[in-house]
Amino acid sequence: MCGIVGYIGKDQAAPIILDGLSKLEYRGYDSAGIAVFDGEHICTQKAAGRLAVLEHMTRGGESMKGFSGVGHTRWATHGAPSDLNAHPHTNKKGSIVVVHNGIIENYMALKKKLEKRGYEFTSETDTEVLAHLLDYYYKGNPLEAITKVLHRVEGSYALGILFDDCPDQLFAARKDSPLIVGKSEEGCFIASDVPAILKYTRTVFYLDNQEVAVLRKDNIEFFTVDEEPIEKQAVTIEWDADSAEKAGYEFFMLKEIYEEPKTVTDTISPRIKDGEIRIEELKFTDEELKNIQRIHIVACGSAYHTGVTAKYVIEGLVRIPVEVEVASEFRYRNPIMDPEDLVIVISQSGETADTLEAVRESHKRGLKVLGIVNVVGSSIAREADSVMYTWAGPEISVATTKAYSAPLVALYLLAMKLGRVRGMIDDALFARLLEDIQALPDQIEMLLGQKEKLQHFANRYVAAKEVFFIGRGIDYAIALEGALKLKEISYIHSEAYAAGELKHGTISLIEDGTLVVALATQPELFPKTVSNIVEVKSRGAFVMAVAERGRKEIEKVADYVVYIPYTNSYFANSLAIIPLQLFAYYIAVGRGYDVDHPRNLAKSVTVE
Ligand code: F6R
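Residues numbered from 1 in each chain as written. Predicted model: local features only at pLDDT ≥ 70, side-chain atom pairs only at ≥ 80, totals over all residues. Heavy atoms only, no water.

A.B. asks: Explanation requested: the layout of surface pockets in the structure shown.
C.D. replies: A probe matching the size of a water molecule, rolled over the atoms, marks out where space remains unfilled. The volume enclosed by the largest pocket comes to roughly 560 Å³. What lines the largest pocket is a set of 31 residues, and nearest its centre among them are Cys 300, Gly 301, Ser 302, Lys 603 and Val 605. At the level of secondary structure, the elements contributing two or more residues to the lining of the largest pocket comprise helix H9 (301-318), strand E20 (342-347), helix H11 (353-364), helix H13 (402-421) and helix H16 (474-490). Across the lining of the largest pocket, the residue classes break down as 15 nonpolar, eleven polar and five charged. (1 Å grid on protein atoms, 1.4 Å probe; cavity = no way out; pocket = protein on both sides within 12 Å on 5 of 7 lines; lining within 4 Å. Points joined across faces, edges and corners; volume = space filled by probe spheres on them. Helix = DSSP H or I, 4+ residues; strand = E, 2+ residues; numbered from the N terminus. Nonpolar A, V, L, I, M, F, W, Y, C, P; charged D, E, K, R; others polar.)

Take a look at the structure:
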């Protein structure tokens, strides 16, 4: 999704803004632009394509002198990716400049009214309406003009605004689209996400919905949409600056895969104390946990796949019925929910529009929401009743890896906690689960040691046309994620099927040489999955299997086997996903793709 960076301070603004935008490239974009106040006017430069084009045009920002400015990377929604549609957008005189993330839903109606008053539009965007509306309301008081505009617009926005007759101020506002404000000795910043300004400051303020910030080089004031001043608490970002750098890896995705042992440790260790699970951030009493009748897990994409796994784990260990649904379906389905049900939403970014709306839908129905979220202070984290942070640090690659593994283990901990409170897990089982969950980081490390073997295998399948992932139970959940990872970065058509469902249609697609990845980690289902492997083998498939160490018999039916170390079958996903992530990664690298920026995808999906 789009990215915003703004700066006002003692240093030249353009290089800081361009550097910040480069840290937001991971979000996905198709054009970029920058506006800088040069002491007299606001100069604007924009270009379709990669940020490098804009960097070249402005000589890395050198050609745009000035101490305040805003920049933007645009992911096209209204209007094609083009120079004209790129942000910033301005009023006719170029004296008011706006960058915007989100969607102005009533822009057509506003545009018609403005056109009647003689305003001319030069782009196809919804954003341009904001620049003209600001012009219409601006009578010398920028805050008043901004708040008037915010009262008129419907939809979502994160905004960075400059007025050329207020050279010492930079304005920001947000509703349902992320925006942070940062402060350092050298100046003040706005950004869509922390990595953009991490190099300059760790002191940030999270803007809440319908709040406005007025930034000067050495102070920041906050206001409500009714111009009432408000106090905001600064938050110190704990991430180290290196976590948003590649650190010698060719792609962020590989670096982030390698961070998984640490991520899993960081999510687990603070929550295991004196041999018990202590989830202190869980603001539910044991009584409330005992009374939960049903759990609804709502999420999108890979986060949804962690939810599918959690269904098996929670139902298996705790015997609470769990419904898992993708957020875009949940929000329009009028789901049947009881006030004693618990809603769990899972989101790396904490900004996914559909997931955020699921939180609000659940609140409207009087249900409590637990968020399992990575980005601290994100919208979902702030709106959920309780938040379990996953502490995975910044995830830059669009394809999620470490931020898939982190919520998985958070969900295991939650299942163990629920099982304990509800008397469903006895001491012996609990001790085994505790031992197994704590062993996961080392076991993941061990699997990472097989990287070359997987790279070698992936190289053989670089030209594959399609790949099927099959499995039963938790293995099916792993298959869903394996197939998504492969398709999103390699563009190879890949699908996941419940292995037993194959012969109800899909098996007709299997022909000589079709690659089938069979997940066979679940001991009870192992013989059944082996039968499914035999079925596809006899139709010519080439089978890569992922099985538990010691299951040598699988070598009789599969062509290539990756073994995972022994763990409790409920936790197998955390291990089996590692070879699948590496496999997808090496296929995409082998095909020569920009692994971190797959086409058409954005890291944080803040529109429906
Ligand atoms: C896939 C991927 C996406 C996200 C999905 C939800 O690799 O990254 O499928 O999992 O867009 O995003 P969050 O977790 O930010 O809500």
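A.B. asks: Explanation requested: the packing of aromatic side chains in the structure shown.
C.D. replies: According to the stated counting rule, one finds 18 aromatic pairs in the structure shown. Taking the centre distance of 6.3 Å and the plane angle of 40° together, the rings of Phe 468 and Tyr 497 count as tilted. Note that Phe 468 is positioned in strand E23 (residues 466-471) and Tyr 497 in strand E24 (residues 493-498), a separation of 29 residues in sequence. In this structure Tyr 497 comes out as partly exposed when scored by relative accessible area, which is 24%. Each residue in the set Phe 457, Tyr 461, Phe 542, Tyr 560 and Phe 583 is aromatic and connected to the rest through ring pairs, giving one cluster. In this arrangement the basic side chain of Arg 551 is found over the ring face of Phe 526, its NZ or CZ atom lying 4.5 Å from the centre. (Phe/Tyr/Trp six-rings, centres within 6.5 Å; stacked < 30°, edge-to-face > 60°. Buried < 20%, exposed > 50% of the residue type's maximum accessible area, 1.4 Å probe, protein only. Lys NZ or Arg CZ within 6 Å of the ring centre and 35° of its normal.)

A.B. asks: Is there a simple way to think about the pairing of strand E18 (residues 295-299) in this case?
C.D. replies: Successive side chains on a regular strand alternate, one facing one side of the sheet and the next facing the other. With five of its five residues buried, E18 lies for the most part within the structure. Alternating residues of E18 divide into Ile 295, Ile 297 and Ala 299 and His 296 and Val 298, and every residue in both groups is buried. Both E18 and strand E19 (residues 322-326) contribute to a ladder of five bridges, which runs parallel. Bridge pairing links Ala 299 to Val 326 in E19. Where E18 lies against E20, five bridges are found, and the strand directions are parallel. Paired with Ala 299 across the strands is Ile 346, a residue of E20. (Pairing = 2+ DSSP bridges.)

A.B. asks: I keep staring at the site of the ligand and nothing clicks. Help me out?
C.D. replies: Around the ligand sit 14 residues, and of these Ser 347, Gln 348, Ser 349, Thr 352 and Glu 488 come closest. One of the backbone nitrogen or oxygen atoms of Gln 348 is found 2.7 Å away from an oxygen atom of the ligand. Here an oxygen atom of the ligand and a side-chain polar atom of Glu 488 are 2.5 Å apart. In isolation the ligand exposes 410 Å². Once the protein is present, 89% of that is buried. At a threshold of 2 Å from the grid points, most atoms of the ligand map onto the largest pocket. Contributing elements (two or more residues each) for the shell around the ligand: H9 and H16. Looking at side-chain class alone, the shell around the ligand contains five nonpolar, seven polar and two charged residues. Counting contributing residues per domain, the shell around the ligand is built from domain 2 (251-447) and domain 3 (449-593), each supplying no fewer than three. (Near = heavy atom within 4 Å. Polar contact = N/O pair within 3.5 Å; in protein donor to acceptor, adjacent residues only side chain to side chain. Areas by Shrake-Rupley, 256 points an atom, 1.4 Å probe, with all protein chains shown as cover. Sits in = over half its atoms within 2 Å of the grid points. Domains from an automatic or database assignment.)

A.B. asks: What is the right way to look at the domain arrangement of the protein in this model?
C.D. replies: When the parts of a complex come together, some accessible area is lost, and that lost area is often taken as the interface size. What the domain assignment lists for the protein is domain 1 (3-237), domain 2 (251-447) and domain 3 (449-593). Measuring from the centre of the C-alpha atoms in domain 2 to the corresponding centre in domain 3 gives 25 Å. Listed as interface residues are 33 residues of domain 2 and, on the opposing side, 32 residues of domain 3. Buried surface at the junction of domain 2 and domain 3, both sides included, amounts to about 3000 Å², of which 67% is carbon and sulfur. (Contact = heavy atoms within 4.5 Å. Buried area = accessible area lost by both parts, 1.4 Å probe.)

A.B. asks: Would you mind showing me how to read the nonpolar core here?
C.D. replies: Looking at soluble globular proteins, one finds that nonpolar side chains tend to be buried together. Membership of the largest hydrophobic core comes to 94 residues, with the highest contact counts inside it found for Ile 295, Ile 344, Ile 437, Phe 469, Met 544, Leu 580 and Phe 583. Residues lining this core come from more than one domain, with at least three contributed by each of domain 2 (251-447) and domain 3 (449-593). Discounting chain neighbours no more than four positions away, the residues touching Phe 583 are Leu 454, Phe 457, Ala 458, Leu 486, Leu 515 and Met 544. If you look at the next biggest cluster of nonpolar residues, it comprises 32 residues, including Leu 134, Tyr 157, Phe 223 and Val 225. (Core = buried A, V, L, I, M, F, W, Y, C linked by side-chain atoms within 4.5 Å.)

A.B. asks: What am I meant to see in empty space enclosed by the protein here?
C.D. replies: Under the defined criterion, the tally for this structure stands at five cavities of 30 Å³ or more. Size it by volume and the largest cavity reaches roughly 220 Å³. Around the largest cavity, the lining is made up of 25 residues, and of these Ser 192, Asp 193, Ser 349, Glu 351 and Val 375 lie nearest the centre. Partitioned by chemical class, the residues of the lining of the largest cavity number eleven nonpolar, seven polar and seven charged.

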